[in-house]
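Summary of structural features
For reference, the chains in residue letters:
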Amino acid sequence: MPPPKPPKPEDKNKPPKPPVCQRLLLGTDGGVYQSFAGGKDWDHLNKIPSGEYYRISLDETRPYFRIAGGLQDNENWVGPSGVPSKEDIRNCDWTALAGGDGFYVLFDPTDRDTFYAESQQGEVHRINLRNGEIRRLRPEPAEGQPRYRFHWNSPMIMSRHKPGVIYLGGNCVFKLTDRMEKYSVISPDLTYNDPTKTNATGSGAENYGVVFSLAESPKRAGLLWAGTDDGRLWVTENEGGKWMELTPNLPEAARGQWIVRIEPSNIDPNVAYVATNAYRSDDDRPMILRTADLGKTWQSVTGDLPQGNPVEVVREDPVNPKLLYAGTHFGVFASFDQGAHWVRIGDVPSVRADDIQIHPRTSDLVIATHGRSIAILDDTVPFREFTPEIASKPAQLFSVRSVTGAYLKPGFVDANGKGVYRGQNPPEGALFTAWVKEFTGDEIKIAVTKPTGQPVANLKAPGTPGFTRLNWDLRPTKDVIAEYGGDDPKRLLPSGDYTAELTFGTTKMKQTFHVDLAEGITPR
């Protein structure tokens, strides 16, 4: 803090002005900034994971998949779920994809460097990372025709049945083809189109009377669902040839609320989930509905979700239809009985979760929060396998996914200090998940052996009730090798099948899993 200036001669009898602190802190959509010069210059405190994500999507890149999504007032971005370095995931591993406020981002199914991204009011664009070309491709009506209306956050999805076909929601539904260069309108105006509410001016965040949620059935081509911000719900079974309104079929408590998300079932094309909310009208109740007959009837699966906790997204597990996930204004919840009961999961702060995606290969649960960036819950297969029968057992070891071993590059992590942001890499090696029903004083023990029965690792953890995770780095533990004079303990064990045996008190059980090594590695 600079010393106060001496008083001017004519003011020598006046008391000096008190010193003014030159340090300022500024919170914005882009994070926190700090100035020690009264605002003349600023440092961005970008080691804080404070991203405000709206929507995310995932690709099939190996070994680490990529995540693409949009940030509040900070463009669209793409980056990896992990890196092959001890540096962990840094800000420089992420690439901006242009835009103003960022929302939906889609991966091109045939070109890893091409993305379809969206900014506010339906400003969709295609960007090529190889040459930097950006094409603005928002649907525009012919001259003299009524304008299209788009939400601040317009839904945009890639067809699972026709890769390359993109559906976009405005006041009607658009079908985009030829890398977004062409479009057709495949629905009428699906909103009430109330002229007293659709002519607001401003930033675009005031736009109303639009399709806010859009979804395609993973099981049946041509089956599309659409929900609007003014409370209308629709379905088409022939890709827009005919739309059927379902609004009158909704329970009274859900009518007129925002249709914030639609989740068609991965198992049954007649099943879908709808999340609605009305917090903008001072109604903070959560609401999740389920239909089993293509929208003719609906049942609440809100269960015991906490009151005063609006829902923004609901997801059904792709394998177990009893397992549901809900992103709410105060964290992420899971239900193991199709919505009768809910429990909070993950080490996610009590912030709004705007989107949830489940990776089809790894079963990782990727969570987009509005305020604490992105979180990944590795390998949700144990949740998928968690049945009432398993819950009644004293202990359980769940399936272990296959793993590929490699050495992480050293990087400069040990010399950089703590001023660099690092998102944690996925744990190296094999991930074991155990369930313990109640505390008995026993430890959780896992013994890893080769098919011959030769021990290679022994792991322990406290017998805490609930789910416990242990990680094995594919190297022998010290108790099964000669620490001095033997093979290098840092070298990985060879590829092949291994067995993990859980011991908890008198309970024992085994799981087998497979290990591969990256090309060129010489094992122990």
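The sections below set out a description of the structure shown in this document. Predicted model only: the values in this text are computed from it and were never measured.

This part takes up the sheet that holds strand S32 (residues 403–405). Pairing is mixed in the open sheet, where five strands are placed in the order S32-S38-S37-S34-S35. Where the open sheet ends on each side, the last strands, each with one partner, are S32 and strand S35 (455–462). The average angle at which neighbouring strand axes cross in this sheet is 30 degrees, direction not considered. The pairing of S32 with strand S38 (residues 507–517) spans three bridges and is classified as parallel. Paired with Gly405 across the two strands is Leu517, which belongs to S38.

Time to look at the sheet that holds strand S15 (residues 182–185). Read across the open sheet, the four strands follow the order S12-S13-S14-S15; overall the sheet is antiparallel. Each edge of the open sheet is held by one strand with a lone partner, namely strand S12 (156–158) and S15. Between one strand axis and the next, the sheet turns through 25 degrees on average, direction left out of account.

Turning our attention to the pattern of salt bridges. Per the stated rule, a full pass over the model turns up 27 salt bridges. Asp113 is the salt-bridge partner of Arg130, the closest N and O atoms lying 3.1 Å from each other. In this pair, Arg130 sits in the loop between strand S10 (123–128) and strand S11 (134–136) while Asp113 sits in the loop between strand S8 (102–107) and strand S9 (114–119), placing the two residues 17 residues apart along the sequence. Overall, the relative accessible area of 54% leaves Arg130 in the exposed class. Measuring nitrogen to oxygen at the nearest pair gives 3.3 Å for the salt bridge that ties Glu140 to Arg136. Beyond isolated ion pairs, a larger network of salt bridges with shared partners links Arg55, Glu312, Arg352 and Asp354.

Time to look at unusual backbone geometry. Among all residues except glycine, the phi angle is most often negative; among peptide bonds, the trans geometry is most common. In this chain, Arg62 is followed by Pro63 through a cis amide linkage whose omega measures -5 degrees. We note that Gln121 has phi near 65 degrees; this positive angle belongs to a residue other than glycine. When you line up the elements, Gln121 lands in the loop between S9 and S10. Note on Gln121: relative accessible area 26%, which makes it partly exposed. Positive phi, normally seen in glycine, also occurs at Glu239, with a value near 55 degrees. One can find Glu239 in the loop between strand S18 (233–236) and strand S19 (243–245). Look at Glu239 and you get buried, because its relative accessible area is 15%.

This part covers the environment of Val271. Looking at the secondary structure, you find Val271 in the loop between strand S20 (258–264) and strand S21 (272–277). Here the alpha-carbon distance between Val271 and Gly295, two residues 24 residues apart in the chain, equals 8.1 Å. Setting aside residues no more than four positions away along its own chain, Val271 makes contact with Pro264, Ser265, Arg290, Thr291 and Ala292.

Rules and cut-offs
Residues numbered from 1 in each chain as written. Predicted model: local features only at pLDDT ≥ 70, side-chain atom pairs only at ≥ 80, totals over all residues. Heavy atoms only, no water. Pairing = 2+ DSSP bridges. Helix = DSSP H or I, 4+ residues; strand = E, 2+ residues; numbered from the N terminus. Axes fitted to C-alpha atoms, helices over the stretch in contact; angles between N-to-C directions. Salt bridge = Lys/Arg side-chain N within 4 Å of Asp/Glu carboxyl O. Buried < 20%, exposed > 50% of the residue type's maximum accessible area, 1.4 Å probe, protein only. Contact = heavy atoms within 4.5 Å.

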